[in-house]
Amino acid sequence: VNTQVQGTPSSRDQNKSSDQGNEGQTATKALQEKLLSLTLVMYAKLENADFSIALQNNGSAFVAKLKTMVEENCQATVGSLNIVKLCGQIAVSMMQRNQYTEYFKNQEFVKSLSEARKIMSNLESCVLFAGRDHGLRNMARPLLLDLEKEAEKVVG
């Protein structure tokens, strides 16, 4: 006898829905990681003025988005670790060129990066220990702690 209430999803349906949601979230994180990586490479290639033009003088919104991405990815997963590191690298690169440093300071970007480092430090240690032989992406350098220290130094 089937005692399931009409309209209530079964646990199998819920698991299937959850798996589809996880797959979508994983795909979104992978895309986000690739776009951040592209942004970092483009920033390294562009001159200061070119990047400012690309942002259309909307640096505050860009800094806020980087901070939001760090905060949304404060999870001990490899994908989140990569995203946070890329956001940190972009932020440090921008601040080293004296671009939007005040926005990073006002948004308390370093505080968010520090919180992420605390959450992800065990994962990062495991990834470093496991090495590249296990199919993990090359994420050993820079360490999240190094990015945090560099950002603190530049912000002041």
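Rules and cut-offs
Residues numbered from 1 in each chain as written. Predicted model: local features only at pLDDT ≥ 70, side-chain atom pairs only at ≥ 80, totals over all residues. Heavy atoms only, no water. pLDDT = per-residue confidence, 0-100. Helix = DSSP H or I, 4+ residues; strand = E, 2+ residues; numbered from the N terminus. Contact = heavy atoms within 4.5 Å. Core = buried A, V, L, I, M, F, W, Y, C linked by side-chain atoms within 4.5 Å. Buried < 20%, exposed > 50% of the residue type's maximum accessible area, 1.4 Å probe, protein only. Expected span 1.5 Å × (residues − 1). Arc of directions from axis to C-beta.

Colleague: I'd like a rundown of the confidence of the model for the chain, residues and numbers included.
Modeller: On average, residues of the chain carry a pLDDT of 80, and 73% of them reach 70 or more. Helix H5 (residues 101–106) holds the highest mean pLDDT among the elements of the chain, 94, whereas helix H2 (residues 48–54) holds the lowest, 67. Within the model, pLDDT remains below 50 along residues 1–5, and this stretch shows two contacts once partners closer than five positions in the same chain are excluded.

Colleague: Describe the nonpolar core, and please don't skip the residues or the numbers.
Modeller: Leu36, Leu66, Met94 and Phe104 are the most contacted members of the largest nonpolar core, which totals 32 residues. Element by element, the count of residues in this core is highest for helix H4 (residues 78–96), at 10 residues.

Colleague: Outline helix H7 (residues 144–155), supporting the account with residue identities and numerical values.
Modeller: A rise of 1.5 Å per residue sets the reference length of H7, with its 12 residues, at 16 Å; its end C-alpha atoms lie 16 Å apart and thus fit the reference within 8%. Taken as a whole, H7 has its buried residues at Leu144, Leu147, Glu148, Ala151 and Val155. Seen from one end, H7 has its buried residues packed into an arc of 100 degrees, which puts them on one side. Phi turns positive one or two residues past the end of H7, at glycine 156, with a value near 100 degrees.

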